[in-house]
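Secondary and tertiary structure notes
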Amino acid sequence: MKIYSFDTLPSTNTYCVENFDNFENQDIIMAEHQTAGKGRKGRKWSSEIGGLYFTMILKPSEIKTEQVSSLTQIMAISVCKAVRYLGASAYLKWPNDVLCKGKKFCGILSEAVIENNIFKGLVIGVGINIEQKNIVSEKPFTTLQEMGLTVSKSGLVEDIISNFNMMQKQDFVKDFKKLCPTINKEIIVDGKKGVFEDIDNCGRMILRTEKGREVIIAGDVQF
Ligand code: BTN
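Residues numbered from 1 in each chain as written. Predicted model: local features only at pLDDT ≥ 70, side-chain atom pairs only at ≥ 80, totals over all residues. Heavy atoms only, no water.

Thoughts on the layout of surface pockets
Stated formally: Cavity: a set of points on a 1 Å grid over the protein atoms alone where a 1.4 Å probe fits but cannot get out. Pocket: an open set with protein on both sides within 12 Å along at least five of seven lines, its lining residues, like those of a cavity, having an atom within 4 Å of a point. Grid points are joined across faces, edges and corners, and a volume is the space filled by probe spheres set on the points. Counting from the N terminus, the helices are the DSSP runs of H or I reaching at least four residues and the strands are the DSSP runs of E reaching at least two. Ten residue types, Ala, Val, Leu, Ile, Met, Phe, Trp, Tyr, Cys and Pro, are classed as nonpolar, four, Asp, Glu, Lys and Arg, as charged, and the remainder, Gly among them, as polar. Segmentation of the chain into domains, including their bounds, is taken from an automatic or database domain assignment.
One number sums up the size of the largest pocket: a volume of about 790 Å³. Contributing to the lining of the largest pocket are 39 residues, with G39, K44, W45, K104 and S137 lying nearest its centre. Within the residue set of the lining of the largest pocket, elements represented by two or more residues are α1 (12-18), β3 (52-58), β5 (97-100), β6 (103-115) and β7 (118-128). With 4 residues, β6 is the largest single contributor of residues to the lining of the largest pocket. In terms of residue class, the lining of the largest pocket is built from 13 nonpolar, 16 polar and 10 charged. Space inside the second largest pocket adds up to approximately 290 Å³. Elements with a contribution of two residues or more to the lining of the second largest pocket: α2 (71-85) and β6. If you tally residues by element for the lining of the second largest pocket, the top one is β6, at 3 residues. Along the lines of polarity and charge, the residues of the lining of the second largest pocket split into 7 nonpolar, 6 polar and 3 charged. For the lining of the second largest pocket, the two domains that each supply at least three residues are domain 1 (3-181) and domain 2 (182-223).

If you want it as structure tokens, here you go:
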């Protein structure tokens with residue numbers, strides 16, 4: 001596993017997808033700044049200097065198929081644990097945001113790398129607000145600085161990766177549920193009301209609604 005650092009890239013995810021064959025499993029590509037940072041659902045990810053932006057390469061021989069869809073959540077747990085270890089009361093918002101006091105400070109975007117219909121692997125991109133000044137976001141956000149933390153970016157990345165490597169061998173569902181305060185609570189997901197009963201071993205939400213249980217793959221949670 002190697003870490004490659006750039007001053008600026010359009011997007012560490014895009015760079016990893018486009019240069020996938022040149023990297024080894026678990027290589028990390030970091031940028032100080034992104035000019036076209038990508039978020040979920042086609043949103044932009046504000047990527048000024050002062051934040052942490054990195055992407056991890058995962059190659060199939062190292063991924064158990066049943067783990068593919070849960071790896072993004074394993075990364076979210078890894079970030080959440082690393083930040084809690086620094087002393088902040090970070091928690092998870094399903095499917096894979098990391099928040100503190102109702103404000104998001106970390107987002108994760110995974111992309112599958114497919115060529116000629118063949119699944120070649122996965123890139124998992126992580127954006128963490130650290131001390132940027134001009135963040136643009138539709139939703140409430142915070143930074144590690146505002147949370148009272150002073151961090152070394154390289155130290156934080158190392159802690160996240162070490163958590164990620166330990167987590168893959170464990171039952172991530174248990175950890176996710178421990179760090180997600182909306183479990184067993186009434187929530188609304190993309191307009192649908194119900195009780196967030198569980199997550200399955202692929203990381204999908206089991207929502208108990210008036211009509212019965214529904215399996216939700218992705219969505220925006222309100223509570
Ligand atoms: C989200 O919408 O919450 C996901 C944000 C993911 C942002 C990270 S920053 C590093 C990597 N490169 C990107 O272009 N996006 C991800």
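Observations regarding the packing of α2 against helix α4 (residues 172-179)
Filter applied, for reference: Here the axes come from fitting lines to C-alpha atoms, over the contacting stretch only for helices, and the angles between their N-to-C directions go from 0 to 180 degrees. Orientation labels follow simple angle bins: below 35 degrees gives roughly parallel, above 145 gives roughly antiparallel, 65 to 115 gives roughly perpendicular, and whatever is left gives oblique. Left-handed describes a crossing whose near helix is turned anticlockwise from the far helix through less than a right angle; right-handed describes the clockwise counterpart. Any two residues whose heavy atoms approach within 4.5 Å are treated as being in contact.
Between α2 and α4, the least distance of the axes is 10 Å, while the angle of their chain directions is 50°. The orientation of α2 relative to α4 falls into the category oblique. Pair α2 / α4 crosses with left-handed handedness. In contact with Q73, I74, I77, C80, K81 and R84 of α2, α4 contributes F172, D175, F176 and L179. Class assignment for the residues of the contact of α2 with α4 results in 6 nonpolar, 1 polar and 3 charged.

Quick word on the sheet that holds strand β8 (residues 186-189)
Here is the rule we go by: The rule for pairing is simple: two strands pair if DSSP sees at least two bridges between them.
The strand order across the open sheet formed by 5 strands is β11-β10-β9-β8-β12, and the pairing between neighbours is antiparallel. Strands with a single pairing partner mark the edges of an open sheet, and in this sheet they are β11 (212-216) and β12 (221-222). The pairing of β8 with strand β9 (residues 192-199) spans 4 bridges and is classified as antiparallel. Its bridge partner being in β9, E186 is matched across the sheet by V195.

Structural notes on the pattern of salt bridges
Put simply, the rule is: The salt bridge criterion pairs a side-chain nitrogen of Lys or Arg with a carboxyl oxygen of Asp or Glu, the two atoms within 4 Å. Accessible area is worked out with a 1.4 Å probe on protein chains only. A residue is then buried under 20% of its type maximum, exposed over 50%, and partly exposed in between.
Going through the model one piece at a time under the given rule, you end up with 17 salt bridges. With a shortest N-O distance of 2.4 Å, E197 and R213 are connected by a salt bridge. Here R213 lies in strand β11 and E197 lies in strand β9, a separation of 16 residues in the sequence. Residue E197 is classed as buried on the basis of its relative accessible area, which comes to 19%. Residue R213 is classed as exposed on the basis of its relative accessible area of 57%. Where R204 meets D200, a salt bridge forms, and the shortest distance between an N and an O atom there is 2.7 Å. When its relative accessible area of 15% is taken as the criterion, D200 is described as buried.

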